[in-house]
Amino acid sequence: MMTLIALAIVVAYVYSTLSTFILEGNNFFWELATLIDIMLLGHWIEMKSIMGASNALEKLVQMMPSEAHLVQKNGEVIDVPVTDLKKGDSVLVKPGEKIPVDGMILKGQSSVNESMLTGESVPVEKQMEDSVIGGSINGEGSLTIQVEKTGEDSYLSQVVTMVKEAQESKSRTQDLSNRAARWLFYVALSAGIVTLGIWLILGYDFSYALERMVTVMVIACPHALGLAAPLVVARSTAIAANRGLLIRDRASFENARNLKLVVYDKTGTLTEGRFGITEIITENGFEENEVLMYASSLESLSEHPIAQGIVDEANNRNITYYDPQEFESITGKGLEGMVRGKRVRVVSPGFMKENGITFHEEMYQTLSRQGKTVVFVLIDNQLAAMIALADQIRETAKRAISRLKEMGIESMMLTGDNRQVAHWVAEQLQMNQVIAEVLPHEKADVIKKTKTEHRQIAMTGDGVNDAPALANADLGIAIGAGTDVAMETADVVLVRNNPEDVVSIIDLLRKTYRKMVQNL
């Protein structure tokens, strides 16, 4: 479009200057001024309605802590900038801190929350010789880590590179008005040259023929083209904003009207990213509410997501829980303490097997196959219940998948979470395809490969691990409650945590495109 406008401006200005000082004929200064004004107005309307340029890469870099606790050879701990760390250095990571580098655990054990980086919904238990990723969050334990990767070799830096490459390749996309203007440019140029030739062949002098050529070329660059698309963009952006949909990249938004597949991340997108109790299987005459009272009394002192799920269920049922008289964390195995005079333990299957405590093995296997996390409640060394928890599926996710099917659009889940959990969630939602246990670069590869099979695809996600995939998709849609990185990489941001808004955005972009074609 800029080439077409530049052609009209140059031709009109040069001819008008010549007709004022050298040639005989009319000038086009008035037409020239209005053309520039209207194009600038259209450009201003468009820019005002769309959010600014992406800061995705800055946001990714900000996820890394700037300082680390370096453990010196004499055992003294000093704070140094992360940039000063070298391969082989040892760093201390305190409970609740971000891990500063990619490395291997030398000492300590803890649960590490990698959900924003890998999509794994459950905090991962880590011990000696396990690998950890820079940017993930340490849980309740203290860790000493040996630095293995720094700078450009780190996991997060590789994600930065992938996002950068995807954004650069995507920025070449042209919107509808630009594609229309490209053809109009050739038409205007051809019509102008043909006009000049015909008037000269008919025997008119050069200045007469030139005036007609300039007239044709100025008319062929329509003022209305400068407003046809921007007005629709401004209106659709305003409508979208009122519905909680923020359009960041207009070209990608317009070009995604023929979507054939919507790819969803799981954790935080289709699910709520928090645990909820799905079953309580009581044993030895205990009742559900009684078990919940004892378990939530103990778990109320823990920050673990599973603990939060148990406490939430107790609150939902209006069950009163009490402060334990004693409390102890069995690292990596669970909790134990005294509640109202009884010895209560909430423990993992590993604890049960280590201590030779029998439980309903077949029921446990069934729940595990569904991707659920199972904990056991022991009261005075007697098995009271088996509690199954799972990441809660959003009700709106079910409606969204169903509406997409009605629109003839397939759905796929692409997640870093484990295969069993992913298949269980996909089964509940009746999704077409599931790909699980994928790393961020593999997510981007899946998107690239799938693009060759489907004409156009959209990707919806909320974590750092989704950023490369969001940048590579024809339309990247970020959930507003996700990381800043995901939002800055996406073409559209959903303010609410509602998968149904994906359906709204597809509906809106189809209507927007129809209105643009009508205007043109």
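Everything numeric in this text was worked out from a predicted model, so none of it was measured. (Residues numbered from 1 in each chain as written. Predicted model: local features only at pLDDT ≥ 70, side-chain atom pairs only at ≥ 80, totals over all residues. Heavy atoms only, no water.)

A.B. asks: Explain the overall build of the protein to me, please; I cannot follow it from the model alone.
C.D. replies: Scanning the protein from N- to C-terminus turns up 20 helices and 22 strands. Within the protein, the proportion of its 520 residues that are buried is 50%. When contacts within the protein are restricted to residue pairs at least 6 apart in sequence, long-range pairs at least 24 apart make up 66% of them. When the accessible surface of the protein is split by element, carbon and sulfur atoms take 52% of a total near 24,300 Å². (Helix = DSSP H or I, 4+ residues; strand = E, 2+ residues; numbered from the N terminus. Buried < 20%, exposed > 50% of the residue type's maximum accessible area, 1.4 Å probe, protein only. Contact = heavy atoms within 4.5 Å. Areas by Shrake-Rupley, 256 points an atom, 1.4 Å probe, with all protein chains shown as cover.)

A.B. asks: Would you mind showing me how to read the pairing of strand 4 (residues 102-107) here?
C.D. replies: Moving residue by residue along a regular strand, the side chains alternate between the two faces of the sheet. Where strand 4 and strand 9 (residues 143-149) come together, five bridges link them in antiparallel fashion. Bridged to Asp102 within strand 9 is Lys149. (Pairing = 2+ DSSP bridges.)

A.B. asks: I would appreciate a short explanation of the sheet that holds strand 18 (residues 410-414) in the present structure.
C.D. replies: To summarise the sheet geometry, strands pair through backbone hydrogen bonds and adopt either a parallel or an antiparallel arrangement. If you trace the seven strands from one edge of the open sheet to the other, you get 10-22-21-20-11-18-19, paired in mixed fashion. Each of the sheet's edge strands pairs with one partner strand only, and the pair in question is strand 10 (245-247) and strand 19 (433-435). Recorded for the sheet is a direction-independent mean angle of 20° between the axes of neighbouring strands. Here strand 10 pairs with strand 22 (residues 492-494) via three bridges, running antiparallel. Its bridge partner lying in strand 22, Leu246 is registered against Val493. (Axes fitted to C-alpha atoms, helices over the stretch in contact; angles between N-to-C directions.)

A.B. asks: Just to check I follow, could you spell out the UniProt feature "transmembrane region" (unreviewed entry) in the protein for this structure?
C.D. replies: UniProt feature "transmembrane region" (unreviewed entry): in the numbering of this structure it lies at residues 28-45, 183-202 and 214-234. Across residues 183-202 one finds 95% helix and 0% strand; the C-alpha atoms that close the span lie 28 Å apart. (UniProt positions renumbered as here; feature names shortened; annotations may be inferred.)

A.B. asks: Sorry if this is basic, but what is going on with the packing of helix 6 (residues 176-201) against helix 7 (residues 206-220) here?
C.D. replies: Each pair of packed helices can be summarised by the angle the axes make with each other and by the distance between the axes. Two elements in contact, helix 6 and helix 7, have axes separated by 8 Å at closest approach and are oriented at 160°. Between helix 6 and helix 7, the angle falls in the class roughly antiparallel. Crossing of helix 6 against helix 7: the hand is right-handed. Side by side, helix 6 and helix 7 meet where Leu184, Ala188, Leu189, Ala191, Gly192, Ile193, Thr195, Leu196, Trp199 and Leu200 of the first sit next to Phe206, Tyr208, Ala209, Leu210, Arg212, Met213, Val216, Met217 and Ala220 of the second. When the residues that make up the contact of helix 6 with helix 7 are grouped by side-chain class, the tally is 16 nonpolar, two polar and one charged. (Parallel < 35°, antiparallel > 145°, perpendicular 65-115°, else oblique. Left-handed = near helix turned anticlockwise from the far one by under 90°. Nonpolar A, V, L, I, M, F, W, Y, C, P; charged D, E, K, R; others polar.)

A.B. asks: Explain the pattern of salt bridges to me, please; I cannot follow it from the model alone.
C.D. replies: Oppositely charged side chains can pair when the atoms bearing their charge come close. Within this structure, the stated rule accounts for 15 salt bridges. Put simply, Glu395 and Lys398 hold a salt bridge, and the shortest N to O gap is 3.6 Å. Here Glu395 pairs with Lys398, and both are found in helix 15 (residues 395-406), just three residues apart, close to one helical turn. Residue classification places Lys398 among the partly exposed positions, given a relative accessible area of 35%. Asp507 is the salt-bridge partner of Lys511, the closest N and O atoms lying 3.3 Å from each other. Highlighted residues: Lys511 and Asp507, both in helix 20 (residues 500-519), separated by four residues, approximately one helical turn. Here Lys511 falls in the partly exposed class, since its relative accessible area comes to 43%. Each of Glu326, Glu336, Arg343 and Arg345 takes part in a single network of salt bridges with overlapping partners. (Salt bridge = Lys/Arg side-chain N within 4 Å of Asp/Glu carboxyl O.)

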